[in-house]
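A structural walkthrough
Spelled out, the chains give:
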Amino acid sequence: MEVSEPPDEEDVEGSVEWQVEDVTSSNFFEILSTTIRSVLAEDVSNISANSKREDEENLQEERNVFATTLKGIIIIGIIVTALVGNALVVASVRRHRKLRVPTNRYVVSLAAADFLVAVCAMSFNASVELTGHWMFGRTMCDVWNSMDVYFSTASILHLCCISVDRYYAIVKPLEYPAIMRRITVSSMLASAWILPALISFIPIFMGWYTTEGHLKYLRENPQVCMFVVNRPYAVISSSVSFWIPGFVMIVMYCKIYKEAVRQREALSRASSNTILNSIHLHRVSTSRHHSRASHQLLLPPSNGTDFGRAPSYVSAAELNLENGTSIRQQSKSWRAEHKAARTLGIIMGAFLLCWLPFFLWYLTTSLCGEACYCPDTVVSVLFWIGYFNSALNPLIYAYFNRDFREAFKDTLKSALPCCAGCWKTPSEFV
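None of these values were measured; they are calculated from a predicted model.

How each quantity is defined
- Residues numbered from 1 in each chain as written.
- Predicted model: local features only at pLDDT ≥ 70, side-chain atom pairs only at ≥ 80, totals over all residues.
- Heavy atoms only, no water.
- Helix = DSSP H or I, 4+ residues; strand = E, 2+ residues; numbered from the N terminus.
- Buried < 20%, exposed > 50% of the residue type's maximum accessible area, 1.4 Å probe, protein only.
- Contact = heavy atoms within 4.5 Å.
- Areas by Shrake-Rupley, 256 points an atom, 1.4 Å probe, with all protein chains shown as cover.
- Axes fitted to C-alpha atoms, helices over the stretch in contact; angles between N-to-C directions.
- Parallel < 35°, antiparallel > 145°, perpendicular 65-115°, else oblique.
- Left-handed = near helix turned anticlockwise from the far one by under 90°.
- Nonpolar A, V, L, I, M, F, W, Y, C, P; charged D, E, K, R; others polar.
- Phe/Tyr/Trp six-rings, centres within 6.5 Å; stacked < 30°, edge-to-face > 60°.
- UniProt positions renumbered as here; feature names shortened; annotations may be inferred.
- Disulfide = S-S within 2.5 Å.
- Core = buried A, V, L, I, M, F, W, Y, C linked by side-chain atoms within 4.5 Å.
- Salt bridge = Lys/Arg side-chain N within 4 Å of Asp/Glu carboxyl O.
- Polar contact = N/O pair within 3.5 Å; in protein donor to acceptor, adjacent residues only side chain to side chain.

**Focus on the overall build of the chain**
Across its full length, the chain carries eleven helices and zero strands. Traced from its N-terminal end to its C-terminal end, the chain shows the element sequence α-α-α-α-α-α-α-α-α-α-α. Split into buried and exposed, the 430 residues of the chain put 34% on the buried side. Restricting to contacts in the chain with at least 6 residues of sequence separation, those with at least 24 account for 79%. About 26,500 Å² of surface is accessible on the chain, with carbon and sulfur atoms providing 64% of the total.

Pasting the structure below:
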């Protein structure tokens, strides 16, 4: 038997080293390839994520641009409508003789207040909405807040004065000339302009309307202009600006409506009685005429007594005719007064719809604090719904009042530069 010799230690060591080198090189290439694949996959995923993020950012930016553009169109539309419409009201009353009635003194003053709301309040709010920050400094912030409260309150108080004027004109027409004299109207208008200053400029510039913490925040951040109020100011200002005038207007127009229904029924009964009396007298006169004619054919009149009854009948017929004419005149006057009251009633309804949501939010959030948080977008919408009331009043005049509608048309024609002949004031104006 042959016995094999064991391998040399050098051969064994060489074989082991070769196997280790082989394993090490293969693992190295596998690790390298795995690393490359993972790096490439990570790069691809990063590129995909970045691309997706960029697409989302571009889409969001496009949405923001669209939203800002749409917001700007709506806001500018409201401002332009308020400016042009209220300027038309003032110019039309100035030009049109039919519109120069005592009630329209309130209307002109209301149009002036609404015009100033558009100039002094809407314009600054529009800059904040479109740019996202306040650009005019700390002092102008107080000026803007003061003018906003002042002119909005003045507009609402004018509507209250109009409701009181309509109440006396319809419910107490005999007392109306004695009560609503020129000095009374002037005093009411003066109060509508003076009273808002007590809840706007004075407390805002004195710092009574808010907390010390909010005042400090505004001083440290002049690019911010937030109107945050304390509870006492919220209750007092909302009562003067909305709740008390709104209550007065509702009471006045409820009484006006009841009186309008009563007067309409009374005029309807009076008209019916006049018609029945006319028919009865016509029948009596016809029968008397035929009877008198037959007697005259048989017997000659011995004296003038038979002819003496005719004048009494004629006077009765004339009296009935005069009563009918008087009723028609009263009915015409009644319709004119109630048409004006209807227009102003629609204005009051629009006022409640526009301002009630804002003042509900204003009072609720001021009383319950942070627990009643409301998104900024909702707050902006409530502000501009209230502002829209200043642009809505002239549109209501133009749609529901024919005299204002015709006056608006004439004023617009006169304002067109292409219509040179329209600048001459016609005889029905001035």
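**Here's the deal with the packing of helix 3 (residues 137-171) against helix 5 (residues 182-194)**
Relative orientation of the contacting elements helix 3 and helix 5 amounts to 155°, with a least axis distance of 8 Å. One way to sum up the angle between helix 3 and helix 5 is to call them roughly antiparallel. For helix 3 against helix 5, the interelement crossing comes out right-handed. In this structure, helix 3 uses Tyr 150, Phe 151, Ala 154, Leu 157, His 158, Cys 161 and Val 164 to contact helix 5, whose residues at the interface are Met 188, Leu 189, Ser 191, Ala 192 and Trp 193. Among the residues forming the contact of helix 3 with helix 5, the class breakdown is ten nonpolar, two polar and no charged.

**Quick word on the packing of aromatic side chains**
Under the definition given, this model contains 26 aromatic pairs. Consider the rings of Phe 358 and Tyr 362, whose centres lie 5.9 Å apart with planes at 15°: the pair is stacked. Of the two residues, Phe 358 and Tyr 362 both sit in helix 9 (residues 305-368), four residues apart, roughly one turn of that helix. Taking the relative accessible area as the measure of exposure, Phe 358 reaches 9% and is therefore buried.

**Structural notes on the UniProt feature "transmembrane region" (unreviewed entry) in the chain**
With numbering aligned to this structure, UniProt lists the feature "transmembrane region" (unreviewed entry) at residues 73-94, 106-128, 148-168, 189-211, 231-254, 340-361 and 381-400. Helix makes up 100% of residues 148-168 and strand 0%, and the two end C-alpha atoms of the span are 31 Å apart.

**Quick notes on the state of the cysteines**
Applying the stated criterion to the full structure yields two disulfides. Disulfide partner of Cys 141: Cys 225, at an S-S distance of 2.0 Å. Where Cys 141 bonds to Cys 225 through sulfur, the torsion about that S-S bond is close to 90°, and the disulfide is right-handed. With Cys 141 in helix 3 and Cys 225 in the loop between helix 7 (212-220) and helix 8 (231-298), this pair connects stretches of sequence that are 84 residues apart. Here the two residues Cys 141 and Cys 225 agree in accessibility, since each one is buried. Disulfide pairing is shown between Cys 368 and Cys 372; the S-S distance is 1.8 Å. Between Cys 160, a free cysteine, and Cys 161, which holds the nearest cysteine sulfur, the sulfur-to-sulfur gap is 5.9 Å. The buried category is assigned to Cys 160, whose relative accessible area is 13%. Using a relative accessible area of 9% as the deciding quantity, one classes Cys 161 as buried.

**Topic: the packing of helix 10 (residues 376-400) against helix 11 (residues 402-415)**
Two elements in contact, helix 10 and helix 11, have axes whose closest approach is 5 Å; the angle formed by their N-to-C orientations is 105°. Judged by the inter-axis angle, helix 10 sits roughly perpendicular to helix 11. Where helix 10 abuts helix 11, its residues Pro 394, Tyr 397, Ala 398, Tyr 399 and Phe 400 lie against Arg 402, Phe 404, Arg 405 and Phe 408. Taken together, the residues of the contact of helix 10 with helix 11 break down into seven nonpolar, no polar and two charged.

**Thoughts on the nonpolar core**
In this structure, Tyr 106, Phe 351, Tyr 397 and Phe 404 are the most contacted members of the largest nonpolar core, which totals 55 residues. Counting residues per element, this core draws most heavily on helix 3, at eleven residues. Sequence-distant contacts of Tyr 106, that is, excluding residues within four places in its chain, are made with His 158, Cys 161, Ile 162, Asp 165, Met 180, Val 185, Met 188 and Leu 189. Core analysis: the second largest hydrophobic core is formed by 21 residues, Ala 118, Met 122, Trp 134 and Trp 144 among them.

**Looking at the pattern of salt bridges**
Tallying each qualifying case throughout the model produces five salt bridges. In this structure, Asp 142 engages Arg 138 in a salt bridge whose closest nitrogen and oxygen atoms are separated by 2.9 Å. One end of the pair is Asp 142 and the other is Arg 138, both in helix 3 and four residues apart, which spans about a single turn. Taking the relative accessible area as the measure of exposure, Arg 138 reaches 23% and is therefore partly exposed. Arg 262 is the partner of Glu 259 in a salt bridge, and the nearest nitrogen-oxygen pair spans 2.6 Å. You can see Glu 259 and its partner Arg 262 sitting in helix 8, three residues apart, about one turn around the helix. Overall, Glu 259 belongs to the buried group, its relative accessible area being 12%.

**Re the side chain of Glu 259**
Reaching out from Glu 259, the side chain makes a polar contact with the side chain of Arg 262 at a distance of 2.6 Å. Those residues in contact with Glu 259, other than ones at most four positions away along the chain, are Ile 170 and Val 171.

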